[in-house]
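# Residue-level structure breakdown
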Amino acid sequence: QVQLVESGGGSVQPGGSLRLSCAASGNIFSIYAMGWYRQASGKQRELVADITSGGSTNYLDSVKGRFTISRDNAKNTVSMEMNSLKPEDTAVYYCNARTNKRTYWGQGTQVTVSS
């Protein structure tokens, strides 16, 4: 019922910046929260940041002050500005959308931070 398309991943040097975007389509009025998870090699998937339909945000402690999540007025897109990137931010980042019935995932986009 919901489709998610991600963009903005890539390779950057430490201290650099990237902006990830996720566009939702389908039954978007049922979405109450969207955000980003990441999964590094050999590690579990973890919540990086999310934002509810009411505008409340939540961040992983290690990205607070560096990453900023936002959404558009139609609540059908979500973006995350990532600044001061560190090698430990390297992971596959997945867009996430939640409804009262199920959770939807994007295909994932690679973010690599290395010198």
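Calculation criteria
- Residues numbered from 1 in each chain as written.
- Predicted model: local features only at pLDDT ≥ 70, side-chain atom pairs only at ≥ 80, totals over all residues.
- Heavy atoms only, no water.
- Helix = DSSP H or I, 4+ residues; strand = E, 2+ residues; numbered from the N terminus.
- Buried < 20%, exposed > 50% of the residue type's maximum accessible area, 1.4 Å probe, protein only.
- Pairing = 2+ DSSP bridges.
- Phe/Tyr/Trp six-rings, centres within 6.5 Å; stacked < 30°, edge-to-face > 60°.

## Quick look at the environment of Val 48
Relative to the helices and strands, Val 48 is located in strand E5 (residues 46-52). For Val 48, a relative accessible area of 0% gives the class buried. It is 22 Å that separates the C-alpha atoms of Val 48 and Ile 28, two residues lying 20 residues apart in sequence.

## Here's the deal with the pairing of strand E9 (residues 91-98)
Of all 8 residues making up E9, 7 are buried, and the element is well covered by its neighbours. Summarising the sheet, strand E4 (residues 33-39) and E9 pair through 7 bridges and their orientation is antiparallel. Each residue of the ladder has a partner; that of Gly 35, found in E9, is Asn 96. As judged from the 3 bridges shared by E9 and strand E11 (residues 109-113), these two strands associate in the antiparallel manner. Paired with Tyr 93 across the two strands is Thr 109, which belongs to E11. Both E9 and strand E10 (residues 103-105) contribute to a ladder of 3 bridges, which runs antiparallel. By the bridge assignment for E10, Asn 96 is matched with Trp 105.

## Here's the deal with the packing of aromatic side chains
Within the structure shown, the criterion is met by 1 aromatic pair. Ring centres 5.0 Å apart and planes at 70° place the aromatic pair Tyr 37 and Trp 105 in the edge-to-face group. Here Trp 105 lies in strand E10 and Tyr 37 lies in strand E4, a separation of 68 residues in the sequence. Since its relative accessible area comes to 38%, Trp 105 is described here as partly exposed.

## So, the pairing of E4
In terms of burial, E4 is a largely internal element, 6 of the 7 residues being buried. Sheet topology note: the E4/E5 ladder contains 6 bridges and is antiparallel. By the bridge assignment, Arg 38 is partnered in E5 with Glu 46. The hairpin turn running from E4 into E5, its antiparallel successor, is 6 residues long, and Gly 42 in that turn takes a positive phi close to 80°.

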